[in-house]
Amino acid sequence: NTIVRYLADTFSKNTWIASNAYERSEQERWMDWSIAKLEPAFVGVFWGFYRTPPAQRNINAIEKSVDECNSCLSLLGDQLQDNSHLLGGSPTVADISVAVFLHRLWSIELEIEFPANIEQWYQRLSIRPSYTRWVMSDFKELQGRSDY
């Protein structure tokens, strides 16, 4: 998120990051939430299920992480109820920091509940060249591989 802030401050001319303190705080709250809530749930799913060889998986821990992901996605769904992006009609740094987890969650074979408006948000992101290039990378070589 620090790098995203730097790039947005340096290159976006306030199109991705607000210059208004209140609006910026809204963006940064979502960035903080993505690290504090969504990322730990995602890591539990991605490492616990996808990266761990099947014989070594802790099913109870994976189920707990899936529940946490579903809870996070429900909150995101509520936020996207009346918005095409997290904070309105245009993407911001908040969308970047949250949406970086969507592609892998979307792509692994688990029962993750994506509300319809998150699916629509993901589809809007998926047609953006930068999202496609930097986020939607192939990660198949990581399946069942618990090393770095």
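Relevant structure appears above.
Residues numbered from 1 in each chain as written. Predicted model: local features only at pLDDT ≥ 70, side-chain atom pairs only at ≥ 80, totals over all residues. Heavy atoms only, no water.

Overview of the layout of surface pockets
Logical step 1: Space inside the largest pocket adds up to approximately 590 Å³.
Logical step 2: Lining the largest pocket we find 25 residues, and of these Val-4, Leu-7, Ile-96, Ser-97 and Val-135 sit closest to its centre.
Logical step 3: Taken together, the elements giving at least two residues each to the lining of the largest pocket come down to α1 (2–11), α2 (21–51), α4 (93–99) and α7 (129–134).
Logical step 4: In the lining of the largest pocket, the residues fall into 17 nonpolar, five polar and three charged. (1 Å grid on protein atoms, 1.4 Å probe; cavity = no way out; pocket = protein on both sides within 12 Å on 5 of 7 lines; lining within 4 Å. Points joined across faces, edges and corners; volume = space filled by probe spheres on them. Helix = DSSP H or I, 4+ residues; strand = E, 2+ residues; numbered from the N terminus. Nonpolar A, V, L, I, M, F, W, Y, C, P; charged D, E, K, R; others polar.)

Notes on a negative patch on the surface
Logical step 1: A surface patch of like charges, here negative, comprises Glu-63, Asp-67, Glu-111 and Glu-113.
Logical step 2: Secondary-structure assignment places Asp-67 in helix α3 (residues 59–79). (Patch = residues over 30% accessible without salt bridge, like charges linked within 9 Å, V, L, I, M, F, W, Y side chains within 5 Å. Areas by Shrake-Rupley, 256 points an atom, 1.4 Å probe, with all protein chains shown as cover. Salt bridge = Lys/Arg side-chain N within 4 Å of Asp/Glu carboxyl O. Lys, Arg positive; Asp, Glu negative; His and termini not counted. Charge placed at Lys NZ, Arg CZ, Asp CG, Glu CD.)

Concerning the state of the cysteines
Logical step 1: What the rule picks out here adds up to zero disulfides.
Logical step 2: The thiol sulfur of Cys-69 is not disulfide-bonded, and the nearest other cysteine sulfur, from Cys-72, lies at 6.3 Å.
Logical step 3: Judged by its relative accessible area of 1%, Cys-69 is buried. (Disulfide = S-S within 2.5 Å. Buried < 20%, exposed > 50% of the residue type's maximum accessible area, 1.4 Å probe, protein only.)

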